[in-house]
Amino acid sequence: LSTIVHNLLLGTIPFASFWFFIPLFLIYLFMLFLSMIVQKASAKQILALCGLMFLFESILFPLFSYVDVKMTLPIGGYVLYFFLGYLILHTDSFDSIKRIRILWVTSILLLACRYFFIYTQVLPTFNYLAIYAVIPSIAIFATAKKFKNRIGGGCCDSWPKEVLEYSYYNNL
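Below or above, wherever it landed, is the structure these notes cover. The residue numbering used here restarts from 1 in each chain and proceeds along that chain's sequence as written. Only residues with pLDDT of 70 or above have their local features reported here, since the model is predicted, and side-chain atom pairs are shown and tallied only from 80 upward, although totals for entire chains, interfaces and linings are computed over all residues. Derived side-chain values reflect all non-hydrogen atoms in the structure, with water molecules and hydrogen atoms excluded from consideration.

**A few points about the nonpolar core**
The set of buried Ala, Val, Leu, Ile, Met, Phe, Trp, Tyr and Cys residues whose side-chain atoms join them within 4.5 Å is what this entry labels a nonpolar core. Three labels apply to residues, based on accessible area from a 1.4 Å probe with only protein chains included: buried if under 20% of the type maximum, exposed if over 50%, partly exposed otherwise in between. Of all hydrophobic cores here, the largest spans 22 residues; its most connected members are Cys50, Leu80, Phe83, Leu103 and Ile138. The set of elements that each furnish at least two residues to this core consists of helix H3 (31-40), helix H4 (43-65), helix H5 (79-90), helix H6 (97-119) and helix H7 (131-146). Among the elements that take part in this core, H5 stands out by supplying seven residues, more than any other. Residues are treated as being in contact if the distance between any of their heavy atoms lies within 4.5 Å. Leave out the neighbours within four places in its chain, and Leu103 touches Phe94, Ile135, Ile138, Ala139 and Ala142. A helix here means a DSSP run of H or I that spans at least four residues, while a strand means a run of E at least two residues long, and both kinds are numbered starting from the N terminus.

Written as structure tokens, this is what we have:
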């Protein structure tokens with residue numbers, strides 16, 4: 001037990017398949033502060049924050065890794081997905097079919113490039129914050145928002161009100 005606690009405090013997990021627990025725990029830990037940022041900031045400010053996080057985590061930091069410089073944002077770049085989810089849900093930035101199609105075409109091209117680079121061993125591993133992961137994620141969630149009524153948008157209508165009042169489901 002002491003080894004597990006020691007590894008968790010150092011940020012290492014003994015089982016590689018559970019790598020996501022540390023960033024997920026940090027996001028849950030900071031959820032109150034992240035929610036306050038979302039409530040106080042305008043959509044343009046959140047979009048700018050997402051743009052900066054995307055620039056650093058998805059483009060610059062992966063490029064730095066090729067010269068053996070490992071960098072990440074202090075809370076972890078996965079917070080980018082939190083803010084992107086908020087933007088997709090609460091703004092109309094990703095609502096047009098034309099933008100969703102552009103996102104899907106871009107996603108397919110990026111994923112094809114990713115698999116080609118891994119096949120040719122240019123990219124050694126998958127990075128969940130790289131451009132080839134973030135853009136397809138935006139495409140998937142923007143599509144889900146656009147077509148939610150066709151794919152079961154009322155799936156949670158029978159849930160207790162106590163659960164729904166603390167979820168983003170009310171805003172769909």
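**Observations regarding the packing of aromatic side chains**
Here a pair means two rings of Phe, Tyr or Trp (six-membered ring of Trp) with centres within 6.5 Å. Their orientation is stacked below 30 degrees between planes, edge-to-face above 60, and tilted elsewhere. Summed over all chains, the structure comprises three aromatic pairs. Geometrically, the ring pair formed by Phe82 and Phe83 is edge-to-face, given 5.3 Å between the ring centres and 80 degrees between the ring planes. The two residues Phe82 and Phe83 agree in class, both being buried. Ring plane angle 55 degrees and centroid distance 5.8 Å describe the contact between Phe116 and Phe117, whose orientation is recorded as tilted. Among the residues examined, Phe117 registers a relative accessible area of 33% and is labelled partly exposed.

**Digging into the environment of Cys50**
Take Cys50: it is sitting in helix H4. Distance from Cys50 to Phe82, taken between C-alpha atoms, is 9.5 Å for residues 32 residues apart in sequence. If near-sequence neighbours (up to four positions away) are discounted, Cys50 is found in contact with Leu80, Phe83, Leu84 and Leu87.

**Regarding the packing of H5 against H7**
In this analysis an axis means a line fitted to C-alpha atoms, helices contributing only their contacting stretch, and an angle means the value between N-to-C directions, from 0 to 180 degrees. Where H5 contacts H7, the axes come no closer than 10 Å and their chain directions differ by 30 degrees. Considering the angle they form, H5 stands roughly parallel to H7. Along this stretch, H5 crosses H7, giving a crossing that reads as right-handed. Note on element contacts: H7 touches H5 through Ala133, Val134, Ser137, Ile138, Phe141, Ala142 and Lys145, opposite Leu80, Tyr81, Leu84, Ile88 and Leu89. Along the lines of polarity and charge, the residues of the contact of H5 with H7 split into 10 nonpolar, one polar and one charged. Here roughly perpendicular refers to angles of 65 to 115 degrees, roughly parallel to angles under 35, roughly antiparallel to angles over 145, and oblique to all remaining angles. By convention the crossing between two helices is left-handed if the near helix lies anticlockwise of the far one by an angle smaller than a right angle, and right-handed if it lies clockwise. Residues were grouped as follows: Ala, Val, Leu, Ile, Met, Phe, Trp, Tyr, Cys and Pro as nonpolar; Asp, Glu, Lys and Arg as charged; and all remaining residues, including Gly, as polar.

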